[in-house]
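Each chain, letter by letter, is given below.
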Amino acid sequence: MPSPALVADGLVKVFPGPQPVRAVDGVSFSALPGEVFGLLGPNGAGKTTTLRMLVTLLTPDAGRASVAGHDVVSQPDAVRASVGYLATTTGVYGRLTAFEMIETFARIQGVDTPRKRAEELIERFDLSDYRDQRCARLSTGNKQKVSIARAIVHDPPVLVLDEPTTGLDVLVAQTFLGFVEEMREAGKCIIYSTHIMSEVERLCDRIAIIHGGQVLATGTLDELRQQTGEHYLESAFIRLVENSGASS
Amino acid sequence: MSYRALLAMELKLQLRQPAALALMAGLPLLLGPGALMAGETWTSSTDQATHGTPDDPTVLRIAASDRFASWVEPSDHLEVVPSGRINDDGVLEDDEVWVELVDEGRHFTATRDPQLTQARQARQRIQAVLRRRAEVELHETLEAAGMSPEDDLWTIDTHAVDADTTASGRDLGKLFPPLLMFTLLLGAVYTAFDVITGDKERRTSETLLTTGAARAAVLAAKATVVAGSAVVAGTAWVLGVFGSHQLGLLDTSPALQQTLTALSPSTLVLIEGLVLLLGLQVAGAAIGVASWVDDYRSGSMVAGPALLLLLAPSGLPLIDSLELTWWVALIPVGNLAMAFREVLAGQLSAAAGVGVIGIALAQALGAFALGRHLLAREETFTGTADADGRRSMGRFGPDAALTFVVVMVVFWFLGTLAQKASLVGGHLLTQASFAALGVAAIGFFGAPWSRLRLVRPRGIDAALAVVSGVCTAAVASSIFLLQEEVLPGGMRFAGAFAEALGTVGDSLPLLLFLFAVLPGICEELLFRGSLLGLLERDLPPLPRVAVVAAAFAIMHLSVYRLVPTFFVGCVAGIVVLRSRSLWCGILLHLTHNAVSVAGAQLGEAEPGPWSAADLLPGAVLAVVLGIAVALVGRGRSE
């Protein structure tokens, strides 16, 4: 069995303030290369905060995590070099063209032949017609394509995708899901955060259901069905959330 | 490698922003000649005209209007007598009142107040006559003595011009640092907010910070761009000043021309060095400020006070009696501003220069390091930036800043020029632009018209506003007296105000309409109406009043009026908030100005020594003012 590409072990994050918020409260899971690992939870469950700790934007208050064998606290630069992160927004620079955006990030990531790599990705994501158009003028779908190209420009072993289909129309979303499957075939470890059940059912090899900053259950779709006695993922999810509310 | 790629990207992003480009280079380039124009007005108040030799006391007949007599302070050296008129050919005519200046020594001094628009032409005419006479007499003397132009007389003449240059340079050195600082802030603040706050608001900071690039490289690239834009802005301003001088674009006085021409290349390099250091200090501070805020909207609220805070020490050179001592050299920004003054006056010693540069460099690096530290905070990139329901790109932020700057520039150029041509016409234009801007701002930012608070006040509040207006006039007058101790010239300025009123006419109703009613309505519409209303959701009441009062004070474009006007603005702001009616602010402002205008018309315009007893009325009325303001809005049913 291959060793995990990503490990989260008891991650905790507390946002200080007059009423401190324990956004993530002991989250643990691991994901393998060639696996799509889903983080499923409602808004405010702690998914984004967990992912931000994994990509070194936030520092955990407790627990540890590693990406591609690198510790997120002690080796942040190495972690970031190993990960492609897609945030909830496209995060593209509106004043750069599609090509410039991808090429610039290829240079920033230290790709040997940035122009060639950018041309490849423009071709790969069918952006040739929009190559020299500024990102601000692109449609949401094309912005997301540029953002994905930017995230994988350095061919990272781990992809962290935070609600990546938000705001996309059905056709673009389908294309995107196809891309995720392709990446899995290519042996990438993919962390896929979402609250859309159908995406989880289609894509994810294993799932962690997260609520109130805690992982309520982890397993394959079948394992979650067995745990909850529910056939549909949506029903299983509601059962787990309700049970956690009752127990707390 | 990452740093270069990041820097290239940040530069590309800035260069694709017309507003940033205009702020970084365009506006400063235009502000340069503007500064020179301001310098021209500023320095001419103490211009010295020189003529004659120590052994050759000279009697000069100078053409001028009858008003000129009041600008010349009679002394042992100067005798003011009626005389004839000299036309452009130096021929005497007898149809006007004349001033005869008798110089017993090498110089005579013709002083005037910069506020009097006719004085510029008079001074130029005086200097033209002097030059003609000097040239003729010099040639005659040289020919008679059989001497060549390289002889002593030339040396004496040059020496006199040098003395003139030093005085003029020192005056320029007082004015230029705040203007340069303003320019540097234009370059740095906007860029800092775009590359840092903008990145957070657009959510591109997450994109950038999850790349393999070292965090330090990301920060360094941003800091380089901010510091670079400040330095570009400062350099553009310097180019604007010296370029317009070199190209002879502006009709400046010979003394000012001599001052600028006399600057050696090494001095210019030194000035550019000061620009670089100031740019670093400003960039460090701007990065720190931009790092604290999460979006443009809140950024624009922080940038205003921060800008004022940074501008304040650049005004130190205005205090004539202040010298560049070791403790002054420790004041950030102020040390470089003082060094700038000394450089322009040609009085900066090598030791002082090295000391100031060393301290300023350390402070710049410290500010830079602090900015980088703040930028690297975790909260900088996450914080509340992902909170639900936050505003989209704040329309009030960059737009408001840009509008403010544009209005300042328009005001500076057009208003000043118009008032030079016609005091009344320029005044009307300025007031109309205030009112229009106030109304337009509400419409542009889509705020409800109710923010203007144009509702009828309670009778008691209106009466208290009038009482407060009378009291603020007295207190502001006391502030004028007090600040004379640290900023001499204010009382002379007050005298000039009375003179200026005199040029408009003797009709008190007309003066009251122009200088009390009109500003009361127009300025209040912009400041206590529009600005105070627009900031309603962004700042608590008192900081809001202070920010608006600061803008109000700056808009009056006079260092002497800065503190008194800020005070009046604060009182008016509090009264408007407490009464919930802009009309109370209008009444207060109107009454304040009416008392000032009437006082200037009826009172003594000449400055003189004052005692503590002179402050008594102001102190008593300050108490009355406090009571009146406290009573405004009391007992109102909600």
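Being a predicted model, the structure only gives us computed values, none of them experimental. (Residues numbered from 1 in each chain as written. Chains lettered and ligands numbered in written order. Predicted model: local features only at pLDDT ≥ 70, side-chain atom pairs only at ≥ 80, totals over all residues. Heavy atoms only, no water.)

1. Some remarks on the overall build of chain A
Basically, it comes down to this: Here a helix means four or more residues in a row that DSSP labels H or I, a strand means two or more in a row labelled E, and each is numbered from the N terminus. Three exposure classes are used, based on accessible area relative to the maximum for each residue type with a 1.4 Å probe and protein chains only: buried under 20%, partly exposed in between, and exposed over 50%. The criterion used for residue contact is that any of the two residues' heavy atoms lie within 4.5 Å.
In terms of helices and strands, chain A carries nine helices and ten strands. Burial statistics for chain A: of 248 residues in total, 54% are counted as buried. Residue pairs at least 24 apart in sequence account for 65% of intrachain contacts in chain A once pairs closer than 6 positions are excluded.

2. Some words on the overall build of chain B
Let me state the cut-off plainly: Areas reported as accessible are Shrake-Rupley estimates using a 1.4 Å probe. Residue values count occlusion only from the protein chains shown.
Within chain B, the regular secondary structure consists of 22 helices and six strands. Each of the 638 residues in chain B was classed as buried or not, and the buried ones make up 52%. Partitioning the contacts of chain B with sequence separation of at least 6, the portion at a separation of at least 24 is 80%. Entry remark: accessible area of chain B is about 26,800 Å², with carbon and sulfur atoms responsible for 66%.

3. Remarks on the sheet that holds strand β9 (residues 206–211) of chain A
Residue and element names in this part refer to chain A. Counted only if it meets this: Here the rule is simple: two strands pair whenever DSSP picks up at least two bridges between them. Working convention: axes come from line fits to C-alpha atoms, limited for helices to the stretch in contact. Angles between N-to-C directions cover 0 to 180 degrees.
Here we have six strands laid out as an open sheet, ordered β6-β7-β8-β3-β9-β10, and mixed in their pairing. Only two strands of the sheet have a single partner each, and these edge strands are β6 (83–86) and β10 (214–219). Recorded for the sheet is a direction-independent mean angle of 15° between the axes of neighbouring strands. Judged from the four bridges that link them, β6 and strand β7 (residues 158–162) form a sheet pairing that is parallel. Looking at β7, one finds that G84 is bridged to L159.

4. Notes on the packing of helix α1 (residues 2–15) of chain B against helix α7 (residues 215–246) of chain B
Pairs of packed helices are described in terms of their axes, by the angle between the two and the distance that separates them. Residues and elements named next belong to chain B. Cut-off, in case you're wondering: Each angle receives one of four descriptions, namely roughly parallel if under 35 degrees, roughly antiparallel if over 145, roughly perpendicular if within 65 to 115, and oblique otherwise. Two helices crossing with the near one rotated counterclockwise from the far one by less than a right angle form a left-handed crossing, whereas a clockwise rotation gives a right-handed crossing.
Viewed as axis vectors pointing N to C, α1 and α7 meet at an angle of 40°, and their least axial separation amounts to 9 Å. Of the possible angle classes, the one that applies to α1 and α7 is oblique. Between α1 and α7 lies a crossing whose hand is right-handed. Contacts between α1 and α7 involve Y3, L6, L7, E10, L11 and Q14 on the former and, on the latter, A217, V218, A220, A221, K222, T224 and V225.

5. Remarks on the pattern of salt bridges
In a structure, side chains of opposite charge can pair up when their charged atoms sit close to one another. Quick note on the threshold: The salt bridge definition used is simple: a Lys or Arg side-chain nitrogen within 4 Å of an Asp or Glu carboxyl oxygen.
Under the defined criterion, the tally for this structure stands at 29 salt bridges over all chains. A salt bridge links A:D155 to A:K188, with the nearest nitrogen and oxygen atoms 2.5 Å apart. Here the residue A:D155 occupies a position in the loop between α5 (140–151) and β7, and A:K188 occupies one in the loop between α6 (170–185) and β8 (189–194), the gap between them amounting to 33 residues. Residue class for A:D155 comes out partly exposed when judged on its relative accessible area of 48%. Each of A:R95, B:E10, B:D194, B:D199, B:R202 and B:K222 takes part in a single network of salt bridges with overlapping partners.

6. A closer look at helix α18 (residues 508–534) of chain B
Going by this rule: Here the bend at a residue means the angle between the axes of two seven-residue stretches, the one that ends at it and the one that starts at it.
When the local axis directions of α18(B) are compared, the greatest deviation, roughly 45°, occurs at B:E524. Among the 27 residues of α18(B), 19 are classified as buried, and the element is accordingly described as predominantly covered.

7. Notes on the interface of chain B and chain A
This is how it is decided: Here the quantity called buried area is the accessible surface, traced with a 1.4 Å probe, that two parts lose on coming together, added over both. We call two N or O atoms a polar contact when they sit within 3.5 Å, provided that within protein one can donate a hydrogen and the other can accept it, with sequence-adjacent residues counted only if both atoms are side-chain atoms.
Across the boundary between the two partners, chain B contributes 28 residues, which contact 31 residues of chain A. Taking both partners together, chain B and chain A bury about 2,800 Å²; carbon and sulfur atoms supply 54% of that area. In this structure, the connection of chain B to chain A is made through four salt bridges. A salt bridge links A:R52 to B:E206, with the nearest nitrogen and oxygen atoms 2.9 Å apart. Connecting chain B to chain A are twelve residue pairs in polar contact (both at pLDDT 80 or more). If you list the elements that add at least two residues to the side of chain B that touches chain A, you get α1, α5 (152–201) and α6 (204–209) of chain B.

8. Considerations on the sheet that holds strand β4 (residues 62–67) of chain A
All names here are of chain A. One open sheet accounts for four strands, arranged β2-β1-β4-β5; its pairing is antiparallel. On the outer flanks of this sheet lie β2 (21–31) and β5 (70–71), each paired with one strand and no other. One ladder, built from eight bridges, connects strand β1 (residues 6–15) with β2; its direction is antiparallel. Bridging across to β2, A8 finds its partner in F29. Together, β1, β2 and β4 form the strand contacts of helix α1 (residues 47–54), whose direction differs from that of β1 by roughly 115°.

9. Points about the side chain of A:D162
All names here are of chain A. Put simply, the rule is: Under the counting rule used here, the positive set is Lys and Arg, the negative set is Asp and Glu, and His together with the chain ends is not counted.
By secondary structure assignment, the location of D162 is in strand β7. We note that D162 is buried and unpaired, the nearest opposite charge coming from R52 at a distance of 6.0 Å. Engagement of the side chain of D162 in a polar contact is seen with the side chain of T48, the distance being 2.9 Å. A distance of 3.2 Å separates polar atoms of two side chains, one belonging to D162 and the other to S193. In contact with D162, not counting residues within four places along its chain, are T48, L51, Y85, L86, A87, T88 and S193.

10. Concerning the packing of helix α3 (residues 98–108) of chain A against helix α4 (residues 114–124) of chain A
Residues and elements named next belong to chain A. The N-to-C vectors of α3 and α4 enclose an angle of 135°; their axes lie 8 Å apart at closest approach. Between α3 and α4, the crossing angle belongs to the class labelled oblique. Judged by the twist between their axes, the crossing of α3 over α4 is right-handed. Residues A98, F99, I102, E103, A106 and R107 of α3 form the contact with α4, whose own contacting residues are P114, R115, A118, E119, L121 and I122.

11. Quick notes on the packing of aromatic side chains
Residues and elements named next belong to chain A. Rule in force here: Each pair of aromatic rings taken from Phe, Tyr and Trp, with Trp reduced to its six-membered ring, is defined by centres within 6.5 Å and is described as stacked if the planes are under 30 degrees apart, edge-to-face if over 60, and tilted in the remaining cases. Look at NZ for Lys and CZ for Arg. If either is within 6 Å of the ring centre and within 35 degrees of the ring normal, a charge sits over the ring.
One pass over the structure, following the stated rule, counts seven aromatic pairs over all chains. Aromatic pair F176 and F179: ring centres 5.9 Å apart, planes at 45°, arrangement tilted. A residue pair is termed a helical-turn pair when its members lie 3 or 4 positions apart in one helix, as F176 and F179 do in helix α6 at three residues. Residue F176 is classed as buried on the basis of its relative accessible area of 3%. Feature note: the residues F125, F176 and F179 constitute an aromatic cluster, connected by ring pairs. The ring of F99 has R131 lying over it, and the distance from NZ or CZ to the ring centre is 3.9 Å.

12. Section: a nonpolar patch on the surface
All names here are of chain B. To be explicit about the condition: Surface patches are drawn from residues lacking salt bridges whose relative accessible area is over 30%; two like charges belong together within 9 Å, two nonpolar side chains (Val, Leu, Ile, Met, Phe, Trp, Tyr) within 5 Å.
Together, V467, L616, V620 and V624 make up a nonpolar patch on the protein surface, roughly 310 Å² of accessible area in all. Counting residues per element, the nonpolar patch draws most heavily on helix α22 (residues 616–631), at three residues. With respect to the secondary-structure elements, V624 resides in helix α22. With a relative accessible area of 33%, V624 lands in the partly exposed category.

13. A few points about unusual backbone geometry
Even without being a glycine, A:A68 presents a positive backbone phi close to 50°. With respect to the helices, strands and loops of the structure, A:A68 is situated in the loop between β4 and β5. On the accessibility criterion, A:A68 (32% relative accessible area) is partly exposed. Within the chain, B:R453 stands out as a residue other than glycine whose phi angle is a positive 60°.

14. Points about the nonpolar core
To keep it simple, the criterion reads: Among buried residues, the Ala, Val, Leu, Ile, Met, Phe, Trp, Tyr and Cys ones that are joined through side-chain atoms within 4.5 Å form a nonpolar core.
Counting 148 residues, the largest nonpolar core has A:F29, A:V146, A:F176, A:V180, A:I191, B:F176 and B:W237 as the members making the most contacts within it. Residue contributions to this core peak at 16 residues, all from α5(B). The contacts of A:I191, once residues within four sequence positions are left out, are A:L6, A:F29, A:A31, A:F37, A:L39, A:L51, A:L159, A:V160 and A:L161. Core analysis: the next-biggest nonpolar cluster, separate from the first, contains 20 residues, B:F434, B:L518, B:L532 and B:A549 among them.

15. Some remarks on the pairing of β7(A)
Residue and element names in this part refer to chain A. Basically, it comes down to this: Note on handedness: a crossover is taken as right-handed if, strands pointing away from the viewer, the path from the first strand over the helix to the second is clockwise.
Of all five residues making up β7, five are buried, and the element is well covered by its neighbours. Burial of the side chains of β7 extends over both faces: V158, V160 and D162 are buried on one face and L159 and L161 on the other. As paired elements, β7 and β8 share five bridges and run parallel to each other. The residue of β8 that forms the bridge with L161 is Y192. For the crossover from β7 across α6 to β8, the handedness is right-handed.

16. Re the environment of B:M181
Residues and elements named next belong to chain B. By the element assignment, M181 lies in helix α5. With 130 residues separating them along the chain, M181 and L311 place their C-alpha atoms 6.4 Å apart. Once you skip the residues sitting within four places of it in the chain, M181 turns out to touch L278, V282, L310, L311, S314 and V333.

17. Some words on helix α20 (residues 562–579) of chain B
Residues and elements named next belong to chain B. We count it as follows: How far a helix is expected to stretch is found by multiplying one less than its residue total by 1.5 Å.
A rise of 1.5 Å per residue sets the reference length of α20, with its 18 residues, at 26 Å; its end C-alpha atoms lie 26 Å apart and thus fit the reference within 8%. Along α20, the residues classified as buried are P564, T565, V568, G569, C570, V571, A572, G573, V575, V576, L577 and S579. Positive phi shows up at R580, right after α20, with a value of about 60°.

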